[in-house]
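Inside the fold
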Amino acid sequence: PQPVALSPPPPTREVVAIRLAVPGGDASAPVELRLRLLPEHSASSVAFVRHAAEHGCTGNLYRSEKDFLVQGRIDCGGGTPGKPPTPK
């Protein structure tokens, strides 16, 4: 009999969190947006979002649709050291 090859483990899926203000919400109580960084995301986007989460960057959430779309702005200001370029 032939040995059975094991499937490789699934790729690690890192989750980061960013605090965002929500339209019509209390600006003093932003919501936490958790983002799963996936292997199919561009390296520049992952680097920027990881940096934003690690440095406490904030932003605004404009619109979201469950399981589909999130639109907003992440603001790290000019003062965070080592900030990667903002992906467009």
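The notes below deal with the structure included here. (Residues numbered from 1 in each chain as written. Predicted model: local features only at pLDDT ≥ 70, side-chain atom pairs only at ≥ 80, totals over all residues. Heavy atoms only, no water.)

1. A short note on the state of the cysteines
- Using the criterion set out here, one finds 1 disulfide in the structure.
- Across the disulfide, cysteine 57 is cross-linked to cysteine 76 (sulfur-sulfur distance 2.2 Å). Between cysteine 57 and cysteine 76, the S-S torsion sits near 115°, and that sign places the bridge as right-handed. Separated by 19 residues along the polypeptide, cysteine 57 in the loop between helix H1 (43-54) and strand S3 (58-65) and cysteine 76 in the segment after strand S4 (69-75) bring together distant segments of the chain. Pair check on accessibility: cysteine 57 and cysteine 76 agree, each one buried. (Disulfide = S-S within 2.5 Å. Helix = DSSP H or I, 4+ residues; strand = E, 2+ residues; numbered from the N terminus. Buried < 20%, exposed > 50% of the residue type's maximum accessible area, 1.4 Å probe, protein only.)

2. Focus on the sheet that holds S3
- Strand order in the open sheet made by the 4 strands is S2-S1-S3-S4, with mixed pairing throughout. Edge positions in the sheet fall to strand S2 (31-37) and S4, since each has one partner strand and no second. On average, each strand axis in the sheet is tilted by 40° relative to the strand beside it, whichever way the strands run.
- In terms of strand pairing, S3 meets S4 through 7 bridges, oriented antiparallel. When the bridges of S4 are listed, glycine 59 appears paired with isoleucine 74.
- Packed onto the sheet, H1 meets strand S1 (14-21), S2 and S4 and runs at close to 65° relative to S1. (Pairing = 2+ DSSP bridges. Axes fitted to C-alpha atoms, helices over the stretch in contact; angles between N-to-C directions. Contact = heavy atoms within 4.5 Å.)

3. Some words on the pattern of salt bridges
- Counting across every chain of the model gives 4 salt bridges.
- Lysine 66 is paired through a salt bridge with aspartate 67; the nearest N and O atoms lie 3.5 Å apart. Per residue, the accessibility class of lysine 66 equals that of aspartate 67, and both read exposed.
- The salt bridge partner of aspartate 75 is arginine 73, with a shortest N-O separation of 3.5 Å.
- Residue classification places arginine 73 among the partly exposed residues on the basis of a relative accessible area of 35%. (Salt bridge = Lys/Arg side-chain N within 4 Å of Asp/Glu carboxyl O.)

4. Brief notes about the pairing of S3
- Pairing of S1 with S3, which is carried by 3 bridges, proceeds in the parallel orientation. Residue pairing for S3: arginine 19 is matched across the bridge by threonine 58.
- Where S3 folds back onto S4 in an antiparallel hairpin, the turn is made up of 3 residues, including aspartate 67, whose phi is positive at roughly 60°.

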